[in-house]
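# Structural description and commentary
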Amino acid sequence: MQPYHEFFDENGRPRPHQEPLSRYLGQHDAKAVQKLHLAVQGRLLEQEVSYNILSSPDGASRNWVLDEVPHVISPEEFASLADALSERAHLLEACLEDLYGPQKLVREGVIPADVVLGNPHFFRSLHGARPLGDRRLVLYAADVVKTSDGQYVVHSDRTAAPTGSGYALENRLVIGQILAEPFREYRIRKVNRFFDLLAESVRSLSARKIIDPRVVLLTPGVHDESSFEHGYLARYQGFELVEGRDLTVRGQEVFLKTLEGLKRVDVILRRISDDWCDPLELRADSVLGVSGLVEASRAGTVGMANPLGSGLVESPAFRAYLPQISEALFSRPLALPSIPTRHLADSLHRQEVFDTFTDWIIRPAYGDRQAAPLRVKSMSPSEQEKLRAEILETPASYVAENWPIASRVPIGLNMAEEGALSLRLFACASGDGFTVMPGALGRVNDSPDGLFLEGESATISKDVWVIGTDDAEPVEVPRMPEPLVEIRRGGVDLPSRLFDDIYWLGRYTQRCNCNARIIRAGLEPIQTEGSEVPVELVAALPRTLAALQVLSPGTIKKFGLEQCLFMAIYDRSRGNSISSALSRVHILTTATRSRLSSDTWGILRHATELYAKAPVERVSSQEAADRLDALLLSLAAFHGITSSNMVRGHAWVFLEMGRRIEQGVFVLTLLTHLFQAGRSRILMEALLRICDSLLTYRSRYLSNLQPTPVVDLVLTDDSNPQSVIFQVKRMLACVRSLPQKTPFPLSRAEQRLVTLETALLTADLGKACKGEGRALKEIAEEGINLLWQVSDDLTQTYFIHASRSRAIAPSHWIGAGLEADT
Amino acid sequence: MVFQEVLQSSLSVSPTPVWTNQGSDYFGNFVDVVEVIEPHDRLVVTASSEINLGPRLMDSGMPLFQTSWESVRDRLLSDPRCYEAREMLLDSPLVRRHPKLLEFAQPTFTPGRPMLEAIKAFNERIFEEFTYDPGFSDIATPLGQVLREKRGVCQDFAHVAVGALRSLGLAARYVSGYLETRPPAGQPRLVGADASHAWASAYVPDFGWVAFDPTNNLLPSERHIVVGWGRDFSEVSPLRGVVHGGGAHTVKVSVDVEPRPEKPRNLQQQQQSS
C-alpha cells in the first residue's frame, strides 16, 4: 500500500492547502533558498537548541534539527483532529479518575486487573487522593501518524510530564519569523494563546487563592534529554526553573530554598515522571525528586501539573483496551484510534500475534521507555523462538504493535527527499474541557521503515502550521512575550542553588584563567626563543601545577615538562585540566542560563567550544599556546562584560566571590611553590608574568628584581587587582552585602577575611622574605587555609542543601536482629 | 476473628521531630511520618506496644477447608467479593510470578487437593527443602537465586511462598511481624525470634487470610505478632526514609518481645494509678 503524501496529490501537484507555500518557495532561487536555510540554522545555533542523548556516555547533546519547510494542515482537517484528541484526553482523564478511585473498570472486567494492579506505574500511596483543581490531566500529548487512507492514529500517549511543547514553540518562533510572508498570507493560527491558557490552568491549581501564586517548573536538571525545553518554557511562561534539591517539604507544604529563607511554593509544573518525584514514597533511589512531595500533594497544599500518578495511563497496555474503555465510560467508539495494539496477557490476542509474528513490534506493556522495542521482522528464526518463549513466561508484561505506513512529507527547501511524518499534539485543561494547541511538534524520519520508535534514528523536526479561518484574529509575527512587572530590586526569591552554581561558575572560569596563565608561562619560552626552558622552570612549573591539583605528584615525576603541560590542558581524566574545567563551566553555564545575558552566554559558549573536542592529532607548542591565548581573551571578555554589565545583586556577589577566592588561592600557591623554590630571577619574573604584573614592576623598579618588592606587588599592594589583598578586600565587601541573621557577631566568613586582611596588612615583608622565607610560606599557607574555610562557610550558610539525599538502607532488618540476639 | 488486639502503642523518636503525622497506607497498615530537621549523627526510633494475642480460630475440619485449591483459584476470579484479594494474585516489586515457581509448587498442589491441606504440605516442603542461612541473602538477592540455591532467611521463604502461590493463580500476601522471644515450657525456641520475622498468608474465600510460616513450619498462632502486610517486603519495611547530607550510615535493629502475665484490665488500672 502506498503511503499518503501530505504535500503532493496523486498527480504530483501540490494539494490545494499547500499551494501558497509551494508558490512562495517557488519564487526563491537556489541562492535565496540557501539564505533561508542559513537563517534558520543561525537562529537555532544562537539559542543553542539541543536535545541531550541519554545513551551517550559523555552526556553529549546533539543540535536540534529543524526543517525550513513547515507542515501545513487545512482548517477542516485540524478541527476534526482536535475534537478527537480532546475526547481522547477526556477519556484518559476519566480512566485515571476511576483507577485512582472506585476502580470500576477493573471490578467490572473492562480491563484486566494486571494492567492496573500489576502495573509498576500504579502508585498505591496515591489511591483515593484527590488532586487540587480536580483535574487529573492538565497537559496531555499524543503522537499521531496518518495512515494510507488518511486516518490519524495514536502511537504514544504522554500523560505524566509530556515533553515537546517547548520545542514546538521554539520551532514556531524561528520559522514564523523567517517565513513571515507566507505565515501572514495563510493566516496561520498562533500557538501563544495555548501557552497562556496552560499558564492560567497551572496557576489556577494553587491552593492559596492569591493574585500571584508561586509556580515552579521542576526539571531533572541540565543532564535531562530535554533540559533546553525546560529552561525555554520557564522563561516563556515566567515560572521559576527549579531542580528537586531546590525544594523542600516542611510539614505538608512545599518550599523553595532561597538566600532569604524558605518561600512557599503553590504549584509545581513537573517535568519528572511519577516514580522519580518522591524518594520517600515512590522510587527510593531518586535524587531528582523532593522527599515528602506525595504527602504534600495528598494534603492538598501544592498543585501538581500533571497530578502525581497520571503516568499510569501512558502504559502501552492501555492502548490495547482503550476501545472497550471508551464504550464502558462514554458509550461510544474511541474517537481517535490507536495503532493496532495487543496486550499479550490475553490468550486469543497472543495467538493472533504469534500467527502473524513478523508483522508485529514487541515492547514492554508497562512503558519502560529505556527498553528498545523489538521488530520481530528483523529477528532470526531462533531469536523469534526465544522471544516467544520469553513472552510465554510473563505474557502480561508485553504488548505487540502493528505499525501502519505513515504519511510522507518533503524534506528541505528543494523538496528532493521525503520522510515519514509523526505529529506530537498537545492539549491543555481549560475549564472543564481541553484546548488543543493549533500546531504541533512535527517529526520526520527518513529511515526506510519510517517508524517512530524511541531512542532510534535521529529525526528532523518541522514546524506545524494550521491554517486559520477566523479573519478577526490579528496577524502578528510570533515573539517572546514581555510580561508586565512591578519595580523590584535584587532577586532574592531565586533558588539558592542557582547562586551556588553562579559561585562555582566564578570559581571555574577563574581557575581556567589562572591555570591557562601558568601553563602558558611554560609554553612561551619554548615557542619564542626556540631554546631550552630554564631549568628552574622545568622543575617549578610541574610542582606548582601539582600543588594546584591539576597534575598528580606521580605524573610530574614520570613525565617531562612539555608532556605535563599538555596533560594539564587536554587530559579529561584530570578534573582540573583546562578542558575538564571548561566542560564544568559549560554545565554551569547551562544551569545558570536564566541569569546570564545573551552576550555573556555567547562569550562563555565561545570559550567552552575552544576545548569542546579533544585534539585528533598532535598539537604543537605553538598551537597550544595560541589556543590558550584565545581562551584567555574569551575569559577576559567574560570578566569584562560581567563587571561592566551585571547588576550588583546577589548573583554578582557570588560570581565575584568565586573568582576572588580562586585568584587569592592561586597567587598564594604561586608564592609557596613557584617563588619559594630558590627565588631566582627567572622564577621571580615568571611569577610576575603569570600574575600579569611584570609591566607594573618594571615601571616601578626597572630591572632590579628583588624578593620583597615582588612579594609586595602580588601579596600586599591593594592597588594591584591581581594581588591577594585586593581579592580579600573585594570579598569582604561582598560578604557584607549578603543577607545575615544578625549584624553582630560577624559571620564566620567575615571574621576569617578580617583575620587574613590584618595578617597581610601587618606583615613585615622584609623579614618574611629573608633567608629560607619560612615566614612568608607560613603567611601564604595560612592564607590558603583561611580562604578554603571561607568557601566552606559560604557553602554552610547559603548552599547547605546542595548535599545529596539518600534513602535509609532498606536491608538488614532481619540479619541485624539476629546478630543482636547472639 | 480478632486474634490480635492492640492495647496501647507508642512511638518515640530522637532527636525530636518537628512534625509528625499518623495515618494508614493503602493496605491499612498504620504509618507514622516524622520529620527531623535538627542535624544528628544517630536517629533512634523506638516503637513499643502492648497487645493481647488470642488463638486464631480455625477448625481445619470446616467444610470450607475441604474445597480444592482449584476451586479457590476459580472463585477468586469469578466472585466479585474477592476483588480486594485479586491484587495479591499479581506481580509486585520483589515477587514476580514465574514458571520455575509454578514448577516448584505443582507437586504439592495436586489436582483436587483441599486448599488447607495443600498449604500445610507446601509450608512443610519449604521448611524441609530450604536451609536457613542468614549469610546467604540480603534484600537484593533475587527470588530466582533463592529458589535455585534453596537458602535464605524468613523473608526469602515468605517471598518464595507468595510467588509460588501467585504462580498457581492463588492470592498470597507477605506478612511482617515479630516472634515471641521465650518459648513456653517444653517447646523449642523459634528461629527468627528477637528479630523482625516474616511469613505468608493465602486467601480463602468465605474465610479470609490463612497465615503460614514456612521458616518454622507452622501456622501462626499466639506466638506470632502481626505488624503489617503488603504485596512483598518492599511495602512493609519497618522504617523507610531519606537522609539529607552526611556520609554513609548503618541500620541496627533489635526486637524484644515479652509476655506479660497480667490481664489487660489489671494493666490498665496499674497505669492509671501510677
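Residues numbered from 1 in each chain as written. Chains lettered and ligands numbered in written order. Predicted model: local features only at pLDDT ≥ 70, side-chain atom pairs only at ≥ 80, totals over all residues. Heavy atoms only, no water.

With that settled, the discussion passes to the overall build of chain B. A tally of helices and strands in chain B yields 7 helices and 11 strands. Out of the 274 residues belonging to chain B, those deemed buried represent 45%. Restricting the contact set of chain B to residue pairs at least 6 apart, pairs at least 24 apart contribute 67%. (Helix = DSSP H or I, 4+ residues; strand = E, 2+ residues; numbered from the N terminus. Buried < 20%, exposed > 50% of the residue type's maximum accessible area, 1.4 Å probe, protein only. Contact = heavy atoms within 4.5 Å.)

The secondary structure content of chain A amounts to 29 helices and 22 strands. Across the 822 residues in chain A, those meeting the buried criterion constitute 57%. By sequence separation, contacts in chain A at least 24 residues apart represent 71% of the contacts at least 6 residues apart. Surface exposure of chain A reaches about 34,600 Å², of which carbon and sulfur atoms provide 51%. (Areas by Shrake-Rupley, 256 points an atom, 1.4 Å probe, with all protein chains shown as cover.)

Counted by the stated rule, this structure contains 61 salt bridges over all chains. Connected via shared salt-bridge partners are Glu243, Arg245, Asp246, Arg497 and Asp501 of chain A. (Salt bridge = Lys/Arg side-chain N within 4 Å of Asp/Glu carboxyl O.)

Now for the nonpolar core. Residues and elements named next belong to chain A. Formed by 121 residues in total, the largest nonpolar core has its most connected members in Leu247, Ile268, Phe318 and Ile325. Ranked by residues supplied to this core, first place goes to helix α3 (residues 75-99) with 11 residues. Apart from the residues within four sequence positions on either side, Leu247 is in contact with Val216, Leu218, Val242, Val254, Phe255, Leu256, Lys257, Val265, Ile268 and Val290. (Core = buried A, V, L, I, M, F, W, Y, C linked by side-chain atoms within 4.5 Å.)

Glancing now at the environment of Trp504 of chain A. Residue and element names in this part refer to chain A. With respect to the helices and strands, the residue Trp504 is situated in helix α14 (residues 496-528). We classify Trp504 as partly exposed; its relative accessible area is 27%. The spatial distance from the C-alpha of Trp504 to the C-alpha of Arg584 is 9.1 Å, given a sequence separation of 80 residues. Discounting chain neighbours no more than four positions away, the residues touching Trp504 are Arg511 and Leu588.

In sheet architecture, strand pairing relies on hydrogen bonds along the backbone and comes in two forms, parallel and antiparallel. Residue and element names in this part refer to chain A. In space, the 3 strands of this open sheet follow the order β8-β9-β10, with antiparallel pairing throughout. A single partner strand is all that each edge strand has here, and the edge strands are β8 (247-250) and β10 (261-264). Each strand of the sheet is rotated relative to its neighbour by a mean of 45°, with strand direction disregarded. (Pairing = 2+ DSSP bridges. Axes fitted to C-alpha atoms, helices over the stretch in contact; angles between N-to-C directions.)

Leaving glycine aside, a negative phi is the common case for residues, and trans is the common case for peptide bonds. The omega torsion of the bond from Ala305 of chain A to Asn306 of chain A falls at -10°, within 30 degrees of zero and hence cis. Turning to its location among the elements, Asn306 of chain A is positioned in the loop between β12 (303-305) and α11 (316-330). Residue Pro15 of chain B is bonded to the preceding Ser14 of chain B through a cis peptide linkage, with omega at 0°. Residue placement: Pro15 of chain B occurs in the loop between β1 (4-14) and β2 (19-24). The phi dihedral of Asp134 of chain A is positive, around 55°, even though this residue is not glycine. With a relative accessible area of 47%, Asp134 of chain A lands in the partly exposed category.

On to the confidence of the model for chain B, then. A residue-level look at chain B finds 88% of positions with pLDDT of 70 or above and a mean pLDDT of 85. The ipTM assigned to the predicted complex is 0.84, against a pTM of 0.82. (pLDDT = per-residue confidence, 0-100.)

Residues and elements named next belong to chain A. If you walk through the whole model with that rule in mind, you get 26 aromatic pairs over all chains. Centre to centre, the rings of Phe654 and Tyr798 are 5.7 Å apart; their planes meet at 75°, and the pair counts as edge-to-face. Of this pair, Phe654 sits in helix α21 (residues 650-675) while Tyr798 sits in helix α28 (residues 774-798); the two residues are 144 residues apart in sequence, bridging distant segments of the chain. In this pair, the class of Phe654 matches that of Tyr798, namely buried. Just above the ring of Phe354 sits the side chain of Arg388; from NZ or CZ to the centre is 5.1 Å. (Phe/Tyr/Trp six-rings, centres within 6.5 Å; stacked < 30°, edge-to-face > 60°. Lys NZ or Arg CZ within 6 Å of the ring centre and 35° of its normal.)

What follows concerns the side chain of Arg363 of chain A. Residues and elements named next belong to chain A. Structurally, the position occupied by Arg363 is in strand β14 (residues 361-364). A relative accessible area of 8% means that Arg363 is categorised as buried. A distance of 2.8 Å separates the side chain of Arg363 from the side chain of Glu401, its partner in a polar contact. (Polar contact = N/O pair within 3.5 Å; in protein donor to acceptor, adjacent residues only side chain to side chain.)

A few words on helix α20 (residues 621-645) of chain A. The end-to-end C-alpha distance of α20 of chain A is 36 Å, a good match for the 36 Å that 25 residues give at a rise of 1.5 Å each. When we look at burial in α20 of chain A, the residues that qualify are Ser621, Ala624, Ala625, Leu628, Leu631, Leu632, Ser634, Leu635, Phe638, Ile641 and Thr642 of chain A. (Expected span 1.5 Å × (residues − 1).)

A few words now on the pairing of β10 of chain A. Residues in a regular strand project their side chains so that they alternate between the two faces of the sheet. All names here are of chain A. As defined by bridge partners, strand β9 (residues 253-258) adjoins β10 across 4 bridges and the pair is classed as antiparallel. Across the sheet, Thr258 pairs through a bridge with Gly261, a residue of β10. The turn joining β9 and β10, which pair antiparallel and follow one another in sequence, is formed by 2 residues.

Our next topic: the pairing of strand β9 (residues 208-212) of chain B. Residues and elements named next belong to chain B. With 4 of 5 residues buried, β9 is to be regarded as a mostly interior element. Pairing between strand β8 (residues 196-204) and β9: 5 bridges, direction antiparallel. Across the sheet, the residue bridging to Ala200 is Phe212, located in β9. Counting the residues in the hairpin turn of β8 and β9 gives 3 residues, including Asp206, whose phi is positive at 75°.

What follows is about the sheet that holds β9 of chain B. All names here are of chain B. The strand order β9-β8-β7-β10 describes an open sheet built from 4 strands, whose pairing is antiparallel. Every other strand in the sheet has two partners, leaving β9 and β10 (224-230) as the edge strands with one partner each. Adjacent strand axes in the sheet meet at a mean angle of 40°, parallel and antiparallel pairs treated alike. Sitting on the sheet, helix α6 (residues 154-168) is in contact with β7 (172-179), β8 and β9, with an inclination near 15° to β8.

Our focus in this paragraph is the side chain of Thr341 of chain A. Residue and element names in this part refer to chain A. Here Thr341 lies in strand β13 (residues 341-343). Within the structure, Thr341 has its side chain in polar contact with the side chain of Arg319 (distance 3.3 Å). A polar contact is formed between the side chain of Thr341 and the backbone oxygen of Ile339, at a distance of 2.7 Å. Apart from residues no more than four positions distant in its own chain, Thr341 is found in contact with Pro316, Arg319, Ala320, Val399, Ala400 and Glu401.

Residues and elements named next belong to chain A. At their nearest, the axes of α21 and helix α22 (residues 681-690) sit 10 Å apart, and the two run at 165° to each other. In this view, α21 runs roughly antiparallel relative to α22, as classed from their interaxial angle. Crossing geometry of α21 relative to α22 is assigned as right-handed. Residue-level inspection shows Phe666, Leu670, Leu671, Leu674 and Phe675 of α21 in contact with α22, the latter providing Leu683, Met684, Leu687 and Ile690. Considered class by class, the residues forming the contact of α21 with α22 number 9 nonpolar, no polar and no charged. (Parallel < 35°, antiparallel > 145°, perpendicular 65-115°, else oblique. Left-handed = near helix turned anticlockwise from the far one by under 90°. Nonpolar A, V, L, I, M, F, W, Y, C, P; charged D, E, K, R; others polar.)

Structurally, Ser291 of chain A is set in the loop between β11 (267-270) and α10 (293-299). For Ser291 of chain A, a relative accessible area of 17% corresponds to the buried category. Here the alpha-carbon distance between Ser291 of chain A and Arg250 of chain A, two residues 41 residues apart in the chain, equals 9.8 Å. Each residue touching Ser291 of chain A, except ones within four places of it in the same chain, is listed here: Val249, Asp278, Pro279 and Leu280 of chain A together with Val242 and His244 of chain B.

Quick look at α22 of chain A now. Those residues of α22 of chain A that sit buried are Leu683, Met684, Ala686, Leu687, Leu688 and Ile690 of chain A. One or two steps after α22 of chain A, the chain reaches Asp692 of chain A, where phi turns positive at roughly 55°.

Before going further, it helps to examine the confidence of the model for chain A. Residue and element names in this part refer to chain A. Residues at a pLDDT of 70 or more form 90% of chain A, whose mean pLDDT is 86. Within the model, the stretch residues 53-59 combines pLDDT values under 50 with 5 contacts to residues more than four positions away or in other chains. Across residues 811-822 the pLDDT falls below 50, and counting only partners more than four positions away or on other chains, this stretch makes 30 contacts in the model.

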